[in-house]
Amino acid sequence: MPPATERIDLEDDQRFALMKFRRNVKDICTKPDHDDHFLLRWLKARNFDPEAAEKMLRESMKWRERWGVDDLEHWEPPEVLQKYYPSGISGFDKDGSPIVVIPFAGLDMYGLLHCVSKSDVVKATIKMLESYIKVAQEQTKIHGQKAAQVMCVIDMVDFNLRQYAWRPAGEVTLNMIQMYEANYPEILKVCYVVNAPKIFSLAFSIVKNFLNDYTIGKIHITKTDPAKWKALLLTKADPDQLPAHFGGTQTDPDGNPRCTMKIRQGGKIHKSYYVKRGDKIADSDNGDYCTATVKKGEKLRLSFVAPVGGSFLKWSFRTDSHDIRFGIKSQDEEGNEAIVVPLKRVAAHQMDEVGVTTLPVPCTYTVLFDNSYSFLRSKKLQYNIAVTPPIDEDGAPDISRTD
């Protein structure tokens, strides 16, 4: 692993942590860009704890292998993602870092998940992140390490929270945030959220539970008038590097201030792209699913233990045909029961049922698939259910399951 050529200023204990971390991960850090700057991203994300940083990096390497990240540059996303996934680079800030603009209200997650699989959405997100990182790395050859991170501008104008009340859309969005947190530490230099409506504060209060403090500290939500936040952006970037919509001077040849030729705006997806009802959207990660048959008139109970409060219970399931009842309840050590997710019939044969809920206290949580109301049909079920630790834990606690 080649040493970094640019001087790094560290305290003595930080330099010792870097030396120890470098030694511990030399078996997996074999690429030219796995230098000290790369290693410091993981150390900073774990407060210079070499053991915690090593665990984070090794898990991320496994994740990259599982998703084939290094080969995604050759993967062609479905047309609907290429056309409707909003994002783009407008230019570079005063340090030379790429400026990524995301017109977030243009993300029609409800529409996308009626057109392509969750895996395709995730892969498109990974491909996009990797491309922005590659641009930043190229910029470091000119401007040095100050250009190694990304400046982000998220435009929340016309944001509507309604589609995220649909569980699959909310789940995929939160999953991608967790994916970013676990695998792209210290890539973000700063993020400006502009044109945020009042309802955004509710959405962000949920999102913050999935972000680490070092990320939250880089996010600035502007609640001032446009003239003030545009002036703020211009302290970070020259006018010719920002669309006119954000206070810069860039426009499309036709005068459009949003620079749609550089930045995909997304928008509501036309239903001609939708997969026809009855057809299955193929998902490439089916290998993570368990299969079971819930016989007619019977129930399937799956119990999970959350040893610490603040954990998350995530689920994704589908049935081959016909609906099924689904619910979750908890039971504490004293035998007191509570309803976590009310039991109700779910049309999981039409669309994967996906969700996540916070587990506030240590308990045994029982997921129930109820087919007792059906006296004629058994239901073939595919499911992926897991308890994950609080997002700010450095190491995952032991989580056991009993059937």
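Okay, so let's go over this structure. Here the structure is a predicted model, which is why all the values come from computation and not from measurement. (Residues numbered from 1 in each chain as written. Predicted model: local features only at pLDDT ≥ 70, side-chain atom pairs only at ≥ 80, totals over all residues. Heavy atoms only, no water.)

Taken together, five strands build an open sheet; the order of strands is β1-β2-β3-β4-β5 and the sheet is mixed. The sheet terminates laterally at β1 (88–92) and β5 (219–221), the two strands that pair on one side only. Each neighbouring strand pair of the sheet contributes to a mean axis angle of 20°, computed without reference to strand direction. Pairing between strand β3 (residues 150–155) and strand β4 (residues 188–194): six bridges, direction parallel. Along β4, the bridge assignment pairs valine 150 with leucine 188. Helix α10 (residues 226–236) contacts β3 and β4 of the sheet and is inclined by roughly 160° relative to β4. (Pairing = 2+ DSSP bridges. Helix = DSSP H or I, 4+ residues; strand = E, 2+ residues; numbered from the N terminus. Axes fitted to C-alpha atoms, helices over the stretch in contact; angles between N-to-C directions. Contact = heavy atoms within 4.5 Å.)

It is worth spelling out the packing of helix α1 (residues 12–24) against helix α2 (residues 36–45) at this point. The axes of two packed helices give the description: the angle between them and the distance between them. Their axes nearest at 10 Å, the elements α1 and α2 cross at an angle of 105°. In terms of their interaxial angle, α1 and α2 are classed as roughly perpendicular. Facing Ala17, Leu18, Phe21 and Arg22 of α1, the residues of α2 in contact are Asp36, Leu39, Leu40, Trp42 and Leu43. (Parallel < 35°, antiparallel > 145°, perpendicular 65-115°, else oblique.)

Unfilled space is identified by rolling a water-sized probe across the atoms. The final tally for this structure, using the stated rule, is one cavity of 30 Å³ or more. Forming the boundary of the largest cavity are Val101, Ile102, Pro103, Asp155, His245, Phe246, Arg258 and Gln265. At three residues, the largest contribution of residues to the lining of the largest cavity is made by strand β2 (residues 98–103). The residue makeup of the lining of the largest cavity, split by class, is four nonpolar, two polar and two charged. (1 Å grid on protein atoms, 1.4 Å probe; cavity = no way out; pocket = protein on both sides within 12 Å on 5 of 7 lines; lining within 4 Å. Points joined across faces, edges and corners; volume = space filled by probe spheres on them. Nonpolar A, V, L, I, M, F, W, Y, C, P; charged D, E, K, R; others polar.)

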